[in-house]
Amino acid sequence: KGCKLIGCGSGIPTLQVSNDDLATIVDTSDEWISVRTGIRNRRVLSGKDSLTGLAVEAARKALEMAQVDPEDIDLVLMCTSTPEDLFGSAPQIQKALGCKHNPLAYDITAACSGFVLGLVSAACHIRGGGFNNVLIVGADSLSRYVDWTDRGTCILFGDAAGAVVMQACEAEEDGLLAFDLHSDGDGQRYLNASVKENETDHALGTNGSVRDFPPRQSSYSCIQMNGKEVFRFAVRCVPQSIESSLQKAGLTVSSIDWLLLHQANRRIIDAVATRLEVPQERVLSNLANYGNTSAASIPLALDEAVRAGKVKSGHKIAVAGFGAGLTWGSAIVRW
Ligand code: ACO
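Now for a description of the structure that goes with this document. Along every chain, residues carry numbers that run from 1 in the direction the sequence is written. Reporting in this predicted model follows two pLDDT cut-offs: at least 70 for local features of residues, and 80 or more for side-chain atom pairs to be given and counted; totals over whole chains, interfaces and linings ignore these cut-offs and use all residues. Only heavy atoms go into the side-chain values, all of them from the structure, while hydrogens and water stay out.

### Topic: the nonpolar core
When a protein is soluble and globular, its nonpolar side chains tend to lie buried together. The criterion, for reference: Joining through side-chain atoms within 4.5 Å is the link that ties buried Ala, Val, Leu, Ile, Met, Phe, Trp, Tyr and Cys residues into a set, and such a set is a nonpolar core. Throughout this description, buried means an accessible area under 20% of the type-specific maximum (1.4 Å probe, protein chains only), exposed means over 50%, and partly exposed covers the range between. To qualify as a helix, a DSSP run of H or I must reach at least 4 residues; to qualify as a strand, a run of E must reach at least 2; elements of each kind are numbered from the N terminus. Two residues qualify as a contact provided that any one of their heavy atoms is within 4.5 Å of a heavy atom in the partner residue.
Grouped together as the largest cluster of nonpolar side chains are 35 residues, with contacts concentrated most on L119, I136, M166, I317 and V319. With six residues, helix α5 (residues 114-129) is the largest single contributor of residues to this core. Leaving out residues up to four positions away in the same chain, M166 has contacts with C3, K4, L5, L119, A122, A123, I126, N132, N133, V134 and I136. Among the nonpolar cores identified, the runner-up in size contains 26 residues, and L97, L135, A139 and A163 belong to it.

### Details of the environment of Q263
Applied cut-off: Polar contact is the term for a pair of N or O atoms within 3.5 Å; when the atoms are in protein, one must be able to donate a hydrogen and the other to accept it, and sequence-neighboring residues count only if both atoms are side-chain atoms.
You can see Q263 is positioned in the loop between β11 (258-261) and α8 (266-276). In this structure, the C-alpha to C-alpha distance between Q263 and G185, residues 78 residues apart in sequence, is 22 Å. Apart from residues lying up to four places away in sequence, Q263 is in contact with I269, L284, S285, N286, L287, G291, N292, T293 and S297. One polar contact links the side chain of Q263 to the main-chain amide nitrogen of L287, over a distance of 3.3 Å.

### Some remarks on the site of the ligand
Applied cut-off: The cutoff for a nearby residue is simple: one of its non-hydrogen atoms must lie within 4 Å of the molecule or strand. The Shrake-Rupley method, run with a 1.4 Å probe, gives the accessible areas here. Residue values count only the displayed protein chains as cover. Residue type decides the class: Asp, Glu, Lys and Arg count as charged, Ala, Val, Leu, Ile, Met, Phe, Trp, Tyr, Cys and Pro as nonpolar, and the leftover types, Gly among them, as polar.
Around the ligand sit 23 residues, and of these T28, R36, C112, N265 and N292 come closest. With respect to the ligand, the side chain of W32 contributes an N or O atom lying 3.4 Å from a nitrogen atom. Residue R36 places a side-chain N or O atom 2.5 Å away from an oxygen atom belonging to the ligand. Relative to its unbound accessible area of 1000 Å², the ligand is 73% covered by the protein chains. Of all the elements in the fold, those that place two or more residues in the shell around the ligand are α2 (30-37), α7 (227-249), α8 and β12 (316-323). In terms of residue class, the shell around the ligand is built from ten nonpolar, eight polar and five charged.

### Examining the pairing of β11
Stated precisely, the cut-off is as follows: Pairs of strands are assigned from DSSP output, requiring at least two bridges between the strands.
Residues W258 and L260 of β11 are buried on one face, and the alternating residues L259 and L261, pointing to the opposite face, are buried as well. Pairing analysis gives four bridges linking β11 to β12, with the strands arranged parallel. Its bridge partner being in β12, W258 is matched across the sheet by I317.

Here you go:
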């Protein structure tokens, strides 16, 4: 059995924050941010915006393009590390869309690799689980976990949602040609937003015995990042993963129409493209307008490219996600 991508959509917050706006709250400049990252603007949740609301907007647009009725969706995967409910928000998307036939809906937590993992999980559910129409949403609001006094991280991130619809099809029409996925918990020290340590210590007591019961309510630290190590990791692992996916698909770089990486940083995208010898005109990027939107970045850029007529039916795209965990992976998809 095959699975093909038949629709995409996106949802972005209304509040736009430029590099100059950031320079009013931390010691930075438009020039520093543009040169080091390629980012000029980002969108940030505000007022009545919600991440679930953006996800539903992206999903509605994807369903409309796919011409699939919400009632025919039998699986909703919400790829996010910043759900508005600690227990997951996919069922809320299912409810808001009116997927009435009681589909399965659950969250996937894998930071900036979340969407690639979502694509692969959806394909596995279709190929092995009898599912027919899967909605995959990538959405994150890292602005809620950024330390807005830390100029090393707050300049990087933005909020958004993107979605695709994947449908069962004949094997000849298959749209997921190959994939390659990895994780390495050792690298967690380079990028994390962990539960505050003193609060877990407090709950467990120093000897592991329950002391001072009941424990205080817990919360997460802001994003902690060693930018240089994350940069090195991405530039080393992403080309290897894409080469592995291409090999599994029996393809070479020259047979790929587009390279679409997680939109973290212009210099990472350029370095990976150079290493793979993909010319700039075959690289998709909208990082300048949205910053790093974590699990949303790939479907957000895909949606923009499809609606602009750049990505056409039958085009092959090498996509790759990488980020916290550490996690990384790639897939070769046919639009
Ligand atoms: N404005 C001005 N100066 C700054 C800023 C800023 N926003 N941030 C840091 N600086 C300063 C530092 O304080 C330092 O000053 P010093 O030399 O006086 O100490 C100097 O600039 C250089 O700082 P570095 O951290 O060494 O700068 P670097 O060249 O490594 O660039 C950056 C930092 C842009 C974060 C880079 O390391 C990077 O892009 N790393 C990858 C990060 C990434 O993409 N993370 C997300 C991927 S995973 C995911 O998506 C969750």
